Amino acid sequence: MFKRHNKTLMGTEVDLSDYFKRPVSPRQKQYEAIRAIAIDGESIEDAAKRYGYKANTIYSMLRDAKAGKIELFPTVKKGPKKKRTNPDVQDKIIEYRKMRLSAPDIQDRLAEDTISISSRTVERILKDAGFGKLKRRTNKERGKTTKNKIIPDRSEHLDFSELQPFNIDCPVAGCFFFIPYILESGIVEVVKECEMPDSSDIGSTQACLSMLLLKLMGRKRLSHIGTYDREPGLGIFACLNVLPKPTYMNTYSCRCSESQVMNLQSKVITGLRKKYPNLYGSDYINLDFHSIPHYGDESEMEKVWCGARGKTMKGANTIFAQDSQSNTILYTRADILRNEEADEVKKFVTYWKSINGGLNETLVFDCKFTAYRVLDELEDDKTKFITLRKRYAKLIKDTLDLPPNEWDRIHISIPKRKYKNVSVHESEVKLKDCSNTFRQIVVKDHGRSNPTFIITNNKDLPMKDILEVYAKRWRVENKLAELVAFFNLNALSSPIMIRIHFDILWTLIADTLYHRFAQDLRRFEANLAPTIFRKFIDMPGRVVYDGNKFEVRIRKRAHTPVLREVEKLQKSFQVPWLSGKTVEII
């Protein structure tokens with residue numbers, strides 16, 4: 001190692017004679033040159049030559065030495081004997097230790113006060129003050145999880161008798177825009193009427209509102225609610241201090257039965273249909289299955305075709321019914337076995353009749369949705385439908401062999417359709433396992449290699465209308481794509497079917513609220529949920545409580561003037577689950 005003041009090697013053998021005869025450091029050379037002249041009587045010229053100086057330099061050194069300007073033996077400065085840390089900071093460290101804080105925690109507290117200090121320095125100060133090391137604490141005592149995430153507060157119902165005024169940030173303040181529509185729809189009253197599960201700290205209304213809030217924010221799984229479990233601004237939406245934890249939200253539906261979920265769905269749709277008849281006024285209802293893929297090994301799910309993965313795999317088979325005009329979802333169910341798929345349409349007919357008092361609409365679905373025998377039963381039940389017939393080689397050959405004079409030309413007036421003029425042939429057919437005859441319309445010259453066979457029992461509907469109605473069946477597929485992209489429909493909340501149905505039901509409710517909200521946005525009535533969320537909902541703001549009412553203060557954005565035209569948001573409204581307090585959007 002090197003000695004700091006003269007850079008000579010330490011810890012190695014040194015020839016002392018050579019060390020003094022051939023000095024290395026400048027100070028030693030100056031000392032030896034002056035000593036040789038002053039003590040040994042050596043001449044200036046010889047000393048200059050011996051130590052590598054010029055004669056003039058030796059004269060200068062002698063002059064400065066006599067004047068005391070050269071310090072041949074400088075005093076080594078010693079470091080401070082006391083700690084450099086400010087005494088006030090040391091007192092703070094001791095106070096924090098009395099609060100049972102560890103050295104890293106004390107360092108973080110001091111950093112909040114813009115005091116930069118290392119954890120090691122904190123430990124030395126505590127040791128000098130007589131404090132020993134703290135006993136190892138559990139994660140709960142430290143207030144952190146195993147992943148070093150701060151454990152949020154326990155979700156609790158707001159106690160307005162003790163609630164103090166506050167002014168807090170809210171990352172998605174636009175969610176409060178839906179409260180007038182939730183009040184108008186009566187969803188909260190239905191939840192109370194159905195007696196949904198609750199807990200000692202979180203009531204059924206708060207739990208369901210938390211579920212709905214997560215759906216309204218879109219693109220989030222139930223397990224991702226932990227992203228917002230330290231946001232009191234969002235907790236106010238459900239009358240909670242903070243939103244429930246992911247475990248609570250994922251297990252809430254475990255206490256619900258299938259009949260309870262279906263009862264909730266029936267009452268919710270009944271209420272929405274009475275309140276918003278324009279969302280449920282179409283003469284046609286689109287039906288389709290949707291398979292949600294499951295990636296776990298240990299589950300009781302059957303293998304189904306999953307279009308999202310393009311292969312057969314384990315998954316949840318679900319069904320959706322959609323109003324053809326407004327695109328609103330009318331019905332959903334999750335616990336569907338493959339051997340029960342064909343009869344699912346009859347379950348929907350029973351469900352819709354219980355809500356509507358009858359079924360006057362025409363059902364539209366594809367050829368794989370049900371079996372021919374079920375079509376015969378629908379005809380006996382006077383239920384109208386439009387579907388496709390399964391094709392086979394002989395059927396296609398016999399159809400293409402028909403003479404040209406038996407084909408008619410029809411113009412389909414659907415915007416952006418490439419092939420609007422098609423050839424059609426109509427006939428009466430009796431399908432396998434059926435006692436009734438059906439109306440068959442064959443379509444060719446429509447951009448496909450093989451003809452399409454449309455089957456219906458609606459004898460009164462003009463052929464052109466039948467073609468246009470079935471051509472618009474793709475709307476239900478577009479709706480499912482929207483639910484997958486925005487509401488995360490393909491993210492299974494559980495391999496248990498009842499939990500999947502419960503999750504999808506709240507997706508249905510959130511989607512309906514988006515439809516209703518869009519109707520009040522001038523020139524944005526036809527926009528989908530992702531667009532409405534991006535332009536009007538996904539905005540930060542502040543939630544202010546003055547002890548009497550709540551104010552939701554939003555930031556100005558490009559589309560804020562459109563919001564100012566929404567009548568429901570221009571006046572304050574009372575919220576029953578917030579103890580009747582009023583909420584005002586500013």
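Residues numbered from 1 in each chain as written. Predicted model: local features only at pLDDT ≥ 70, side-chain atom pairs only at ≥ 80, totals over all residues. Heavy atoms only, no water.

> Explain the overall build of the protein to me, please; I cannot follow it from the model alone.
Per the secondary structure count, the protein includes 22 helices and 15 strands. Taking 25 Å as the expected radius of gyration for a compact globule of 586 residues, we find that the protein reaches 41 Å, considerably beyond that expectation. Here the C-alpha coordinates of the protein stretch approximately 140 × 65 × 50 Å along the principal axes. Within the span of the protein, comprising 586 residues, buried residues form 48% of the whole. When contacts within the protein are restricted to residue pairs at least 6 apart in sequence, those whose partners lie at least 24 apart make up 63%. Total accessible area on the protein is roughly 31800 Å²; 48% of this is exposed by carbon and sulfur atoms. (Helix = DSSP H or I, 4+ residues; strand = E, 2+ residues; numbered from the N terminus. Rg over C-alpha atoms; globule rule 2.2 N^0.38 Å. Buried < 20%, exposed > 50% of the residue type's maximum accessible area, 1.4 Å probe, protein only. Contact = heavy atoms within 4.5 Å. Areas by Shrake-Rupley, 256 points an atom, 1.4 Å probe, with all protein chains shown as cover.)

> Please clarify how the pairing of strand β1 (residues 166–170) should be interpreted in this entry.
Sheet faces and side chains relate simply in a regular strand, where the side chains alternate between the two faces. With burial as the criterion, only one face of β1 is covered, namely that bearing F166, I168 and C170; the residues N167 and D169 on the opposite face remain uncovered. Where β1 and strand β12 (residues 541–545) come together, 5 bridges link them in antiparallel fashion. When the sheet's bridge partners are listed, F166 is paired in β12 with Y545. (Pairing = 2+ DSSP bridges.)

> Mind showing me how you'd approach the nonpolar core here?
Note that soluble globular proteins tend to have their nonpolar side chains buried in a common cluster. By size, the foremost hydrophobic cluster in this structure holds 125 residues, and its most contacted members are L363, W506, Y514, F517 and I537. Sort the elements by how many residues they give to this core and helix α20 (residues 497–519) lands first, with 12 residues. Dropping the residues within four chain positions of it, W506 is found in contact with I187, V191, C208, M211, L212, K215 and L264. Core analysis: the next-biggest nonpolar cluster, separate from the first, contains 18 residues, L388, I410, I466 and Y470 among them. (Core = buried A, V, L, I, M, F, W, Y, C linked by side-chain atoms within 4.5 Å.)

> Which parts of the structure should I look at to understand helix α21 (residues 529–537)?
It helps to recall that an α-helix has 3.6 residues per turn; residues three or four apart then point in one direction. For α21, every residue scored as buried is listed here: A529, I532, F533, F536 and I537. Here the buried residues of α21 occupy an arc of 105° about the axis, which is enough to place them on one side. (Arc of directions from axis to C-beta.)

> Explain the pairing of strand β9 (residues 421–429) here, please?
Summarising the sheet, strand β8 (residues 408–411) and β9 pair through 4 bridges and their orientation is antiparallel. Within the sheet, the bridge partner assigned to H411 lies in β9 and is N421. Pairing of β9 with strand β10 (residues 438–444) involves 7 bridges; the strand directions are antiparallel. What sits directly across from V429, in β10, is F438.

> Sorry, what's going on with the sheet that holds β1 here?
Backbone-to-backbone hydrogen bonds pair the strands of a sheet. The strands run either parallel or antiparallel. The sheet built from 5 strands is open, its strands ordered β1-β12-β13-β15-β14 with mixed pairing. Looking along the sheet, the strands with just one partner apiece sit at the ends: β1 and β14 (573–574). Pairing geometry for β12 and strand β13 (residues 549–554), over 5 bridges, is antiparallel. Across the sheet, the residue bridging to V543 is V552, located in β13.

> What should I look at first to understand the environment of K21 in this one?
Its place among the elements puts K21 in helix α1 (residues 16–21). Spatially, the C-alpha atom of K21 lies 111 Å from that of D343, the residues being 322 residues apart in sequence.

> Could you clarify how one ought to interpret the side chain of S210 in this entry?
With respect to the element layout, S210 can be found in helix α11 (residues 204–217). According to the relative accessible area criterion, S210 is buried, its value standing at 1%. Apart from the residues lying within four places of it in its own chain, the contact partners of S210 are A238, L240, L243, P244 and M249.

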